[in-house]
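Inside the fold
Below, each chain spelled out in residue letters.
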Amino acid sequence: MAVTGSAWNVSDEPKDGFPWAYWDPNDITDVPFDFRGGEQLDLEVVLTDRVTSVSGMVRDNRGEGVKDYTVVVLPDALPRDAVPNRFVHAVRGDRDGRFSTRAMPPGSYVAAAFAAVAQSQEWEPRFQEMVRRVGTRVTLSEGESATLDLALDLKCEFANFY
């Protein structure tokens, strides 16, 4: 591939797919990479429609389904130099009490349910530490779906964490 201008992009991405980019032979999908004009690069871009997903229910301490909650899904460990946007997800339960999130890169994750999560709180390092400590672990391969039954544990609310 020759990069001749100052911009580079991938078009015609499949619906619900997400790209991977490999360069000599490292996966550079989630790390900053400086493309310089006029350079000759051996770059492989892989598009897929084999999307990961995590879904499930949240139950209270009596085992009953809960409808008002937020589930936070984080990577067990963020890959070195990766931009975290594709790895960190915060989703609310739907009107039937189920949650679902998709398109996380394959890897090991941890998920936890909370009665309330402040806006952007899933990005705070101390909150992420707590999620990794109390959450349920799940490993996703390309195209794999996982169904989780999470407990809403009010003792672990972030407001009481500090």
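Before reading on, note that the structure itself is shown above.
Described in the following lines is the structure provided in the data block. (Residues numbered from 1 in each chain as written. Predicted model: local features only at pLDDT ≥ 70, side-chain atom pairs only at ≥ 80, totals over all residues. Heavy atoms only, no water.)

Looking at the nonpolar core
- One finds Val58, Val71, Phe99 and Leu150 to be the most contacted residues of the largest nonpolar core, which totals 20 residues.
- Of all the secondary structure elements, the ones that give two or more residues to this core are β4 (53-59), β5 (70-75), β8 (107-114), β9 (136-140) and β10 (145-151).
- Here valine 58 is in contact with Glu64, Gly65, Val66, Tyr69, Val71, Gly97, Phe99, Ala113, Leu150, Ala151 and Leu152, once residues within four sequence places are set aside.
- If you look at the next biggest cluster of nonpolar residues, it comprises 10 residues, including Val72, Val88, Phe127 and Met130. (Core = buried A, V, L, I, M, F, W, Y, C linked by side-chain atoms within 4.5 Å. Buried < 20%, exposed > 50% of the residue type's maximum accessible area, 1.4 Å probe, protein only. Helix = DSSP H or I, 4+ residues; strand = E, 2+ residues; numbered from the N terminus. Contact = heavy atoms within 4.5 Å.)

Quick notes on the side chain of glutamine 128
- Note on placement: glutamine 128 falls in helix α1 (residues 125-134).
- In contact with glutamine 128, not counting residues within four places along its chain, are Leu74, Val88, Glu122 and Trp123.

So, the environment of aspartate 60
- By the secondary structure assignment, aspartate 60 is in the loop between β4 and β5.
- Judged by relative accessible area, aspartate 60 falls into the buried class, the value being 18%.
- With near-sequence residues (within four places) excluded, aspartate 60 lies in contact with Val66 and Leu152.

A closer look at the sheet that holds strand β7 (residues 98-102)
- Taking strand neighbours across the sheet as the criterion, the three strands line up as β7-β4-β10 in an open arrangement whose pairing is mixed. The open sheet terminates on both sides in strands that have one partner only, identified here as β7 and β10. The average angle at which neighbouring strand axes cross in this sheet is 20 degrees, direction not considered. (Pairing = 2+ DSSP bridges. Axes fitted to C-alpha atoms, helices over the stretch in contact; angles between N-to-C directions.)

Things to note about the packing of aromatic side chains
- A full pass over the atoms with the stated rule returns two aromatic pairs.
- Here tyrosine 69 and phenylalanine 99 contribute two aromatic rings whose centre-to-centre distance is 6.4 Å and whose plane-to-plane angle is 90 degrees, an arrangement assigned as edge-to-face. Pair noted here: tyrosine 69 is in the loop between β4 and β5 and phenylalanine 99 is in strand β7, with a separation of 30 residues, a long-range link. Judged on exposure class, the residue tyrosine 69 and its partner phenylalanine 99 are both buried.
- The interplanar angle of 50 degrees and the centroid separation of 5.3 Å between the aromatic rings of phenylalanine 114 and phenylalanine 127 together place this pair among those described as tilted. One end of the pair, phenylalanine 114, is in strand β8; the other, phenylalanine 127, is in helix α1, and 13 residues separate them in sequence. Each member of the pair phenylalanine 114 and phenylalanine 127 is classed as buried. (Phe/Tyr/Trp six-rings, centres within 6.5 Å; stacked < 30°, edge-to-face > 60°.)

That's the geometry; what it means functionally is another story.
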